[in-house]
Amino acid sequence: MTAIILGGTNMVAGHLRKQNGYFQMILSYKDSTGKRRTKSISTGLPIKGNQKRAEAMLLETRKNFNPEDAMTDKNTLFSKFLEKWLKDNLKNIDTETYALYSYNVKMFLIPYFEKSEVRICDLKTSDIECYYNYEKSDHHASKTVILQLHEIIRIALDYAVELEWIDTNPAKDINPATDEVAILFTDFMLEWLEMMKSCVEETTFASYTSMVKKRIVPYFLEKRYTLNEMEENPKYIQEYYQYELNLGLSANTVIHRHANIRKALQYAFQIGLIKSNPADRIERPKKEKYVASYYNTEELDTLFKVSKDDPMELAIILAAFYGLRRSEVVGLKWNAIDFERKTITIQYTVTEANLNDGRGNVIIEKERTKSKTSRRTLPLVKPFEDLLIRMYLEQKKNRKLCGDCYCTDYLDFIYVNEIGERVKPGYLTQHFPLLLKKHNLRKIRFHDLRHSCASLLYANGVSLKQIQEWLGHSDISTTSNIYTHLDYSSKVSSANAILSVFPSKTPSEQQKAVG
């Protein structure tokens, strides 16, 4: 039997539920997003003879209930939740069982999870598995003890699901009666990603995060494959790659996904979670050969003319003439220019990345370039020197005109706007195609100006080795792989050299001519 209690407009809806011989209060409310939620609260009152007392308790609870308070429950530490679970279920469990649960929770579970400080909403299968391994290795816990602890955690987390603090019970993916580690592949991928945060550059981590959280995890989440199942069935990985290809993704993009999956599974193999890497037993897509797009001399000349006095002028010259990367353009400082020695040194970068931490795009500054060879010193040519002097004078004038309104955070940087704010990397990517469209120029990416620079250098007799040094590539193979189209002119020259000794007539034709 369920008793529905109606109340005033300021109260949340609620009713009583009979469960395990006791009255439970079920509250219904809308969260901050407007989504309908329910919350179960034990009255501690036996069903027999307590109907009116339970209804009065429900009414009082509905009056005082604040939905905003309920939303903070998900952030409760798991150790604190265990205390709450014991308290809420004091009357729902027989005395002997409750005493056993209470002892294990207070002696073993709470001390361990207090140290880990994991929240109920963040608790994963792997966290519970790690706890069991800890008890086995440090306290030599028997299988019986582990099973008892598992029963407590599973029941407690069922209660958390009932309260809607969590969506699913992570303990249900564990079988403590075996020695198998039943870790979900998606959980492991997220843990590996978190570990990589301190191992790679922020921009690299941003790329990893985007791939793992937006593409890989969403696909495998509904499959609920464990690490062991992935190891036994490499076809699951193959099916994922085919799924992405069917969506229209390029083979090269899928190869990047493969690199992440393989790297994560290799780590699982190294720490003993799996016995082999299933990603080594699949056929990855064939890599597509990249052909760089670039402007020829005439197109570059037109671009230089139409971009004069445009906010993109500096960026276009730096990318098309000096071959600078976007991060190097924005990161260029005044102290990198030596007007006496007529040099420009590339040594500082500014990038933009989304780390998926709720902050949106963030700016990342580095006192170094992409690689050691990317740090390079180039000659300061007269047209560019004139542009820099003109920009310096304009910035000085703008600072005087704006007064206190002028931004002084980026005085060291060359690429700033009229009020002193540094130009963001994303601006170059977004504004460049608009400039091309405005002047009916062929569409290319901003980064393709770097390719145009290489093409221009090669057309003027500069070797691939010298182009490598000019562009700051770490290896000449990078240069040759990207700019193989530049070698075509040398092949034509070779063909013409052979053609000079090639007979104009065949022997039979010559015989006929003699005859």
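Residues numbered from 1 in each chain as written. Predicted model: local features only at pLDDT ≥ 70, side-chain atom pairs only at ≥ 80, totals over all residues. Heavy atoms only, no water.

A. Geometry of helix α1 (residues 51-64). Taking 1.5 Å per residue as the helical rise, α1 with its 14 residues ought to reach 20 Å, and the 20 Å between its terminal C-alpha atoms agrees with that figure. All buried positions along α1 are accounted for by A54, L58, T61 and R62. When α1 is viewed along its axis, its buried side chains cluster within an angular range of 100° and face the same direction. Of the exposed residues in α1, those oriented more than 90 degrees away from the buried face are K52, R53 and N64. (Helix = DSSP H or I, 4+ residues; strand = E, 2+ residues; numbered from the N terminus. Expected span 1.5 Å × (residues − 1). Buried < 20%, exposed > 50% of the residue type's maximum accessible area, 1.4 Å probe, protein only. Arc of directions from axis to C-beta.)

B. Inspection of the layout of surface pockets at higher detail. In this structure, the second largest pocket encloses a volume near 900 Å³. Around the second largest pocket sit 32 residues that line it, and C121, D122, K124, D187 and L190 are the ones nearest its centre. The element contributing the most residues to the lining of the second largest pocket is helix α7 (residues 185-196), with six residues. (1 Å grid on protein atoms, 1.4 Å probe; cavity = no way out; pocket = protein on both sides within 12 Å on 5 of 7 lines; lining within 4 Å. Points joined across faces, edges and corners; volume = space filled by probe spheres on them.)

C. Layout of the pattern of salt bridges. If you walk through the whole model with that rule in mind, you get 20 salt bridges. Across the pair D309 and R390 runs a salt bridge whose closest N-O atoms are separated by 3.5 Å. Pair noted here: D309 is in the loop between α12 (297-306) and α13 (313-320) and R390 is in helix α15 (residues 382-402), with a separation of 81 residues, a long-range link. The salt bridge involving R376 is made with E328; its shortest N-O contact spans 2.9 Å. Linking R376 in strand β9 (residues 376-379) with E328 in helix α14 (residues 326-330), this pair joins segments that are 48 residues apart in sequence. In this pair, the class of R376 matches that of E328, namely buried. Connected via shared salt-bridge partners are D309, E313, R390 and E394. (Salt bridge = Lys/Arg side-chain N within 4 Å of Asp/Glu carboxyl O.)

D. Molecular detail of the packing of aromatic side chains. According to the stated counting rule, one finds 30 aromatic pairs in the structure shown. For the pair F185 and F220, a centre-to-centre distance of 5.0 Å together with 80° between the ring planes defines the contact as edge-to-face. Residue F185 is located in helix α7, and its partner F220 is located in helix α8 (residues 202-221); the two are separated by 35 residues in the primary sequence. Take F185: its relative accessible area is 1%, and that puts it in the buried class. Judged by centre distance (5.4 Å) and plane angle (50°), the ring pair of F220 and Y240 falls under tilted. Taken together, the positions of F220 in helix α8 and Y240 in helix α10 (residues 235-246) put the pair 20 residues apart, joining distant regions of the chain. Across the pair, Y240 and F220 agree in class, each one buried. Of note, K333 hangs over the ring of Y348, and the distance from its end group to the ring centre comes to 3.9 Å. (Phe/Tyr/Trp six-rings, centres within 6.5 Å; stacked < 30°, edge-to-face > 60°. Lys NZ or Arg CZ within 6 Å of the ring centre and 35° of its normal.)

E. Here's a closer look at the environment of K80. Mapped onto the elements of the fold, K80 is located in helix α3 (residues 78-88). Look at K80 and you get partly exposed, because its relative accessible area is 45%.

F. Representation of empty space enclosed by the protein in the model. Taken as a whole, this structure holds two cavities of 30 Å³ or more when the rule is applied. Roughly 40 Å³ of volume is contained in the second largest cavity. Residue lining of the second largest cavity: E328, G331, L332, K333, A336, T345, I346, Q347 and Y348, and that is the complete set. Residue classes in the lining of the second largest cavity are distributed as four nonpolar, three polar and two charged. (Nonpolar A, V, L, I, M, F, W, Y, C, P; charged D, E, K, R; others polar.)

G. Structural context of the sheet that holds β9. Taken in spatial order, the three strands of this open sheet run β5-β6-β9, and their pairing is antiparallel. Looking along the sheet, the strands with just one partner apiece sit at the ends: β5 (337-338) and β9. In this structure, β5 lies alongside strand β6 (residues 343-346), joined through two bridges in antiparallel fashion. If you follow D338 over to β6, its bridge partner there is T343. (Pairing = 2+ DSSP bridges.)

H. Representation of the packing of α10 against helix α11 (residues 251-270). Put simply, α10 and α11 touch, their axes get as near as 10 Å, and they point 155° apart. By the angle between their axes, α10 is roughly antiparallel relative to α11. Viewed along their axes, α10 and α11 form a crossing whose handedness is right-handed. Of the residues in α11, those in contact with I237, Y240, Y241, E244 and L245 of α10 are A251, V254, R257, H258, I261 and L265. Looking at side-chain class alone, the contact of α10 with α11 contains eight nonpolar, one polar and two charged residues. (Axes fitted to C-alpha atoms, helices over the stretch in contact; angles between N-to-C directions. Parallel < 35°, antiparallel > 145°, perpendicular 65-115°, else oblique. Left-handed = near helix turned anticlockwise from the far one by under 90°. Contact = heavy atoms within 4.5 Å.)

I. Local environment of the environment of N233. Tracing the chain through its elements places N233 in the loop between α9 (227-232) and α10. Spatially, the C-alpha atom of N233 lies 10.0 Å from that of A279, the residues being 46 residues apart in sequence.

J. Geometry of helix α16 (residues 425-438). Look at α16: 21 Å from first C-alpha to last across 14 residues, which is about the 20 Å you get at 1.5 Å a residue. Within α16, the axis deviates most sharply at H431, by approximately 25°, and proline P433 lies no more than four positions further along. Every buried residue of α16 is accounted for by P425, G426, L428, F432, L435 and L436. Here the buried face of α16 lies against α12, α13, α14, β7 (349-354), β8 (361-366) and α17 (448-459). Phi turns positive, to about 55°, at N440, one or two residues after α16. (Bend = angle between axes of the 7 residues up to and from the residue.)

K. The arrangement of unusual backbone geometry in detail. In this model, R224 sits at a positive phi of 55°, which is unusual for a non-glycine residue. Examined against the element boundaries, R224 turns out to sit in the loop between α8 and α9. Residue classification places R224 among the partly exposed positions, given a relative accessible area of 37%. For N440, which is not glycine, the phi torsion reads 55° and is therefore positive. On the secondary structure map, N440 appears in the loop between α16 and α17.

Nothing here speaks to function; it is all geometry.
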